Amino acid sequence: MTIATTTSEDHSVGHEEHPDLRVWGLLTFLASESLMFGGFFATYLFFRGTTAVWPPEGSEVELLVPTINTIILVSSSFVIHFGDTAIKKNDVKGMQLWYGITAIMGAIFLGGQVYEYSTLGYGLTTNVFANCFYIMTGFHGLHVFVGLLLILRVLWRSRRPGEYSATNHTFIEMTEIYWHFVDIIWIVLFTLVYVLTLF
């Protein structure tokens, strides 16, 4: 007669922890978004290279508001990182402060973009430059809006005690990564659409 014995290894069968792949999923999504923006940028450069006057007369861009917006958005990437650093030290209040400031900066950026649209004097269908301009900046603005919603979600959920901590902050980290992506895309877009129009 044999007596069945169990070990701690037997109990662990079927109870293995799976790695958290949410960050990798986000990175895969952002890679696909990069390809989409890359297509927009390539199209823009094609039209720029095959058009005699770029941008066409009457559809020039304004630099003051977009430059201010760029400073705000680039700065917000540093601010949101402070929030991520704070939560890794179990400083929920600090994270809330920095993420709150980032949300305000994102809202100001979107407000500046709306103001810019209202003062340009041309629309989506005015010419091919205007079409490219509104599609690219508008699509990017949509991404900023989504990022703003993610930040607000973090702030809302952080009201619950223990929701986020030094060992439980994956969504905060994902929100920061997304925000950095939005920032990088804007730097490229700003350079192509605004800075290069000066040359």
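About the criteria used
- Residues numbered from 1 in each chain as written.
- Predicted model: local features only at pLDDT ≥ 70, side-chain atom pairs only at ≥ 80, totals over all residues.
- Heavy atoms only, no water.
- Helix = DSSP H or I, 4+ residues; strand = E, 2+ residues; numbered from the N terminus.
- Rg over C-alpha atoms; globule rule 2.2 N^0.38 Å.
- Buried < 20%, exposed > 50% of the residue type's maximum accessible area, 1.4 Å probe, protein only.
- Lys, Arg positive; Asp, Glu negative; His and termini not counted.
- Charge placed at Lys NZ, Arg CZ, Asp CG, Glu CD.
- Expected span 1.5 Å × (residues − 1).
- Polar contact = N/O pair within 3.5 Å; in protein donor to acceptor, adjacent residues only side chain to side chain.
- Core = buried A, V, L, I, M, F, W, Y, C linked by side-chain atoms within 4.5 Å.
- Contact = heavy atoms within 4.5 Å.
- Axes fitted to C-alpha atoms, helices over the stretch in contact; angles between N-to-C directions.
- Parallel < 35°, antiparallel > 145°, perpendicular 65-115°, else oblique.
- Left-handed = near helix turned anticlockwise from the far one by under 90°.
- Nonpolar A, V, L, I, M, F, W, Y, C, P; charged D, E, K, R; others polar.
- Phe/Tyr/Trp six-rings, centres within 6.5 Å; stacked < 30°, edge-to-face > 60°.
- Lys NZ or Arg CZ within 6 Å of the ring centre and 35° of its normal.

**Q** Residue-level account of the overall build of the protein, with values.
**A** A count of helical and extended segments in the protein gives six helices and zero strands. The C-alpha atoms of the protein give a radius of gyration of 23 Å, which is well past the 16 Å a tight globule of 199 residues would have. Its C-alpha atoms give the protein principal-axis dimensions of about 95 × 40 × 25 Å. Counting across all 199 residues of the protein, residues that qualify as buried make up 41%. In the protein, the 9 positive side-chain charges and the 16 negative ones have mean positions that sit 9 Å from each other.

**Q** Let's hear about helix H5 (residues 128–157): which residues, and what values?
**A** Taking 1.5 Å per residue, 30 residues should reach 44 Å; H5 reaches 44 Å between its end C-alpha atoms and fits that length. The opening residue of H5 is Asn127, an N-cap whose side-chain oxygen sits 3.1 Å from the backbone nitrogen of Phe129.

**Q** Provide a residue-level description of the nonpolar core, including the pertinent values.
**A** Membership of the largest hydrophobic core comes to 45 residues, with the highest contact counts inside it found for Tyr44, Met95, Tyr99, Phe133, Val193 and Tyr194. Secondary-structure elements contributing two or more residues to this core are helix H2 (22–50), helix H3 (64–87), helix H4 (92–119), H5 and helix H6 (170–195). The greatest single-element share of this core, amounting to 14 residues, is contributed by H6. Not counting the four nearest positions on each side in its chain, Met95 is found in contact with Gly83, Ala86, Ile87, Val154, Ser158, Tyr164 and Ile172.

**Q** Let's hear about the packing of H4 against H6: which residues, and what values?
**A** Two measures define how a pair of helices packs: the angle their axes make with one another and the distance between the axes. Interaxial distance between H4 and H6 falls to 13 Å at its minimum, and their mutual angle equals 30 degrees. With respect to each other, H4 and H6 are oriented roughly parallel. H4 and H6 meet at a crossing whose hand is left-handed. Here Met95, Tyr99, Thr102, Gly106, Phe109, Gln113 and Glu116 of H4 lie close against H6, whose contacting residues are Ile172, Thr175, Glu176, Trp179, Trp186 and Tyr194. Residues belonging to the contact of H4 with H6 are distributed by class as follows: seven nonpolar, four polar and two charged.

**Q** Residues and numbers for the packing of aromatic side chains, please.
**A** With the rule as written, the count across this model stands at 21 aromatic pairs. Consider the rings of Phe109 and Trp186, whose centres lie 5.1 Å apart with planes at 90 degrees: the pair is edge-to-face. Of this pair, Phe109 sits in helix H4 while Trp186 sits in helix H6, and the two are 77 residues apart along the sequence. Accessibility classification places Phe109 together with Trp186 in one group, the buried group. Over the ring of Phe171 we find Arg153, and its NZ or CZ is 4.1 Å from the ring centre.

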